[in-house]
Amino acid sequence: MVGNIQPGDYPGLEQTPLAEISLGDDGATRRLGEELAGALGEGGFVGLVGDLGAGKTTLVQGLVGGLDDSGRWAATSPTYSLIQIYDTSPPVFHMDLYRLEGWDDLESIGYWDIVEGGEGLACVEWLDRIPGAWPGTGMIVELIRHGAGRMARLWADSSHRDQIEEIKRTMNSMSERS
Ligand SMILES: Nc1ncnc2c1ncn2[C@@H]1O[C@H](COP(=O)(O)OP(=O)(O)OP(=O)(O)O)[C@@H](O)[C@H]1O
Ligand SMILES: [Mg+2]
């Protein structure tokens, strides 16, 4: 199980993951997304890192569903559109860096206006393509294939320690019950 995160590339990030959570199926990935929605809220930032098909968009589906359970929103990878906005409360700005060349391109999608504007929750797929897109505070979820399921590593700056502890407790108690 090899991850992609080099913590030194993300100023302010704790040097080790604050949690490792086993995700047995895609429902568990969605539940983790729901938990993140509750923990982060407006102005929050979560970077999603993992290979093709690791479950990044599945996690965003859960996150968006956690803010609005009407089922109106079906998150898909914004690989071509680069950004999708979900009119939830708070709104979710779902971005994908896969097709960007580098840091200079962030401006062209209004990246810093969104991330620093703090008017919604920013979810950024393929953050590791442009580590300079990390705003210095927030979380990074690394999704790694693990047998038929996935392992999530939760990284964050130290201000999110308690929230991650809480997420870990909730996710573990759910997996014990199922
Ligand atoms: N914990 C899990 N266990 C098993 N399968 C999962 C898990 N989480 C998600 N999946 C499945 O993995 C597949 C790929 O998921 P998804 O599209 O979210 O990946 P992605 O990381 O966004 O991929 P891409 O990089 O291509 O955008 C889906 O079929 C999804 O149901
Ligand atoms: Mg995707």
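For the structure, check the block above.
What counts and how
Residues numbered from 1 in each chain as written. Chains lettered and ligands numbered in written order. Predicted model: local features only at pLDDT ≥ 70, side-chain atom pairs only at ≥ 80, totals over all residues. Helix = DSSP H or I, 4+ residues; strand = E, 2+ residues; numbered from the N terminus. Buried ≥ 20, exposed ≤ 12 C-beta atoms within 10 Å, placed from the backbone. Contact = placed C-beta atoms within 7 Å. Pairing = 2+ DSSP bridges. Axes fitted to C-alpha atoms, helices over the stretch in contact; angles between N-to-C directions. Right-handed = clockwise from strand over helix to strand, strands pointing away.

Caption draft 1: Quick look at the environment of D157. Its location among the elements puts D157 in the loop between β7 (149-156) and α4 (161-177). Taking the number of C-beta atoms within 10 Å as the measure of exposure, D157 has 20 and is therefore buried. The spatial distance from the C-alpha of D157 to the C-alpha of L143 is 18 Å, given a sequence separation of 14 residues. Apart from residues no more than four positions distant in its own chain, D157 is found in contact with G12, L13, E14, T137 and G138.

Caption draft 2: Region of the structure containing the sheet that holds strand β2 (residues 45-49). Across the sheet, 7 strands lie side by side as β1-β7-β6-β2-β5-β4-β3; this open sheet has mixed pairing. Edge strands, defined here as strands with exactly one partner in the open sheet, are β1 (19-23) and β3 (83-86). With strand direction ignored, the average angle separating the axes of adjacent strands in the sheet is 20 degrees. In terms of strand pairing, strand β4 (residues 92-96) meets strand β5 (residues 121-125) through 5 bridges, oriented parallel. Bridge pairing in β5 places V92 opposite L121.

Caption draft 3: Structural view of unusual backbone geometry. With an omega of -5 degrees, the peptide bond running from S89 to P90 counts as cis. With respect to the secondary-structure elements, P90 resides in the loop between β3 and β4. In this structure, W126 is a non-glycine residue whose phi angle is positive, near 60 degrees. Summarising the element assignment, W126 is placed in the loop between β5 and β6 (139-146).

Caption draft 4: Quick peek at the pairing of β5. Buried residues dominate β5, accounting for 5 of its 5 residues. Here β5 shows no split at all, with L121, C123 and E125 on one side and A122 and V124 on the other all buried. Across 4 bridges, β2 lies against β5 in parallel orientation. Looking across to β5, one finds that L48 is bridged to E125. Crossover handedness for the path β4 to helix α3 (residues 111-117) to β5: right-handed.

The quantities given are spatial measurements derived from coordinates; they are silent on function.
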